Amino acid sequence: MSTPLALATVTAVLQNFIQNSITDHDLAATLGGSITVSAEPPDRIDNGASSPDRIHLFLFQATENQGWRNVGLPSRNPNGDRISNPPLALDLSYLLTAYGSGPLHAEALLGLA
């Protein structure tokens with residue numbers, strides 16, 4: 001893992017990918033409103049009657065990948081000092097939810113995601 005922000009970067013890339021798919025398929029015009037793609041804790045989502053349609057990503061579990069955990073052992077220089085770290089082999093599990101303001105909006109959002 002090159003930086004502490006690596007896991008956040010994966011979530012941001014997924015969020016951006018879904019947002020670009022919404023734009024490419026012009027789903028906002030089809031559903032007749034704005035669509036938000038968010039990645040915050042589920043208890044912070046406002047899904048009241050006046051809230052827009054929303055696709056939500058939440059990273060709920062990170063587990064060690066058994067197949068990749070021993071790949072790339074740490075490199076050491078001739079003095080025995082560590083000069084590189086092995087890659088962090090994780091499986092990231094996301095919860096994908098959709099909130100729709102109209103009938104069948106949530107199903108259409110999940111179908112796109």
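Preceding this section is the structure that the text describes.
Counting of residues starts from 1 at the beginning of each chain's written sequence and follows it residue by residue. Given that the model is predicted, a residue must reach a pLDDT of at least 70 before its local features are reported, and side-chain atom pairs must reach 80 or more before they are shown or counted; all residues, however, enter totals for whole chains, interfaces and linings. To obtain the side-chain values, all non-hydrogen atoms of the structure were included, while hydrogens and water were left out.

A few words now on the overall build of the chain. Secondary structure is summarised from DSSP: a helix means a run of H or I of at least four residues, a strand means a run of E of at least two, and numbering begins at the N terminus for each. The helix and strand tally for the chain stands at 3 helices and 3 strands. Helices (α) and strands (β) of the chain occur, in sequence order from the N terminus, as α-α-β-β-β-α. Each radius of gyration is computed over the set of C-alpha atoms, and the globule rule expresses the reference value as 2.2 Å times the number of residues to the power 0.38. Taking 13 Å as the expected radius of gyration for a compact globule of 113 residues, we find that the chain reaches 19 Å, considerably beyond that expectation. Structurally, the chain occupies a C-alpha span of about 65 × 30 × 20 Å along its principal axes. Here the term buried applies to any residue with accessible area under 20% of the maximum for its type, exposed to any over 50%, and partly exposed to those in between, with areas from a 1.4 Å probe on protein chains only. By residue count, 19% of the 113 residues in the chain fall in the buried class. Sequence-distant contacts, at least 24 apart, represent 57% of the contacts inside the chain between residues at least 6 apart. Across the chain, the 5 positively charged side chains and the 10 negatively charged ones have centroids separated by 17 Å. In this description, contact between two residues means that some pair of their heavy atoms is separated by no more than 4.5 Å. We score Asp and Glu as negative and Lys and Arg as positive, and we do not count His or the chain ends. Charge placement uses NZ in Lys and CZ in Arg. For Asp and Glu, CG and CD serve respectively.

Okay, the sheet that holds strand E1 (residues 35-38) next. Two strands qualify as a pair provided DSSP detects at least 2 bridges between them. Across the sheet, 3 strands lie side by side as E1-E2-E3; this open sheet has mixed pairing. Each of the sheet's edge strands pairs with one partner strand only, and the pair in question is E1 and strand E3 (90-99). On average, adjacent strands in this sheet sit at an angle of 20 degrees to one another, irrespective of strand direction. Pairing of E1 with strand E2 (residues 53-64) involves 4 bridges; the strand directions are parallel. Directly across from isoleucine 35, in E2, lies its bridge partner aspartate 53. Lines are fitted to the C-alpha atoms to define the axes, a helix being fitted only along its stretch in contact, and any angle between axes, read from their N-to-C directions, falls within 0 to 180 degrees.

A word on the nonpolar core. Within the largest apolar cluster, 10 residues are counted, these being Ile18, Ile22, Leu27, Leu31, Ile35, Val37, Ile55, Leu57, Ala98 and Leu109. At the level of secondary structure, the elements contributing two or more residues to this core comprise helix H1 (6-24), helix H2 (27-31), E1 and E2. Excluding residues within four positions of it along the chain, isoleucine 35 makes contact with Gln19, Ile22, Leu27, Ala28, Asp53 and Leu109. Definition used in this section: a nonpolar core is a set of buried Ala, Val, Leu, Ile, Met, Phe, Trp, Tyr and Cys residues joined via side-chain atoms within 4.5 Å.

Another point: the pattern of salt bridges. Here, a salt bridge means any Lys or Arg side-chain nitrogen found within 4 Å of an Asp or Glu carboxyl oxygen. The final tally for this structure, using the stated rule, is 1 salt bridge. With a closest N to O distance of 3.9 Å, glutamate 64 and arginine 69 form a salt bridge. Of the residues examined, glutamate 64 reaches a relative accessible area of 45% and is grouped as partly exposed. Residue classification places arginine 69 among the partly exposed positions, given a relative accessible area of 42%.

Take isoleucine 35: it is sitting in strand E1. It is 8.0 Å that separates the C-alpha atoms of isoleucine 35 and isoleucine 22, two residues lying 13 residues apart in sequence.

One ladder, built from 10 bridges, connects E2 with E3; its direction is antiparallel. Across the sheet, the residue bridging to glutamate 64 is leucine 90, located in E3.

It is worth spelling out the environment of alanine 106 at this point. One can find alanine 106 in helix H3 (residues 105-112). By relative accessible area, alanine 106 is classed as partly exposed at 21%. When near neighbours in sequence (up to four residues on either side) are disregarded, alanine 106 contacts Ala98 and Gly100.

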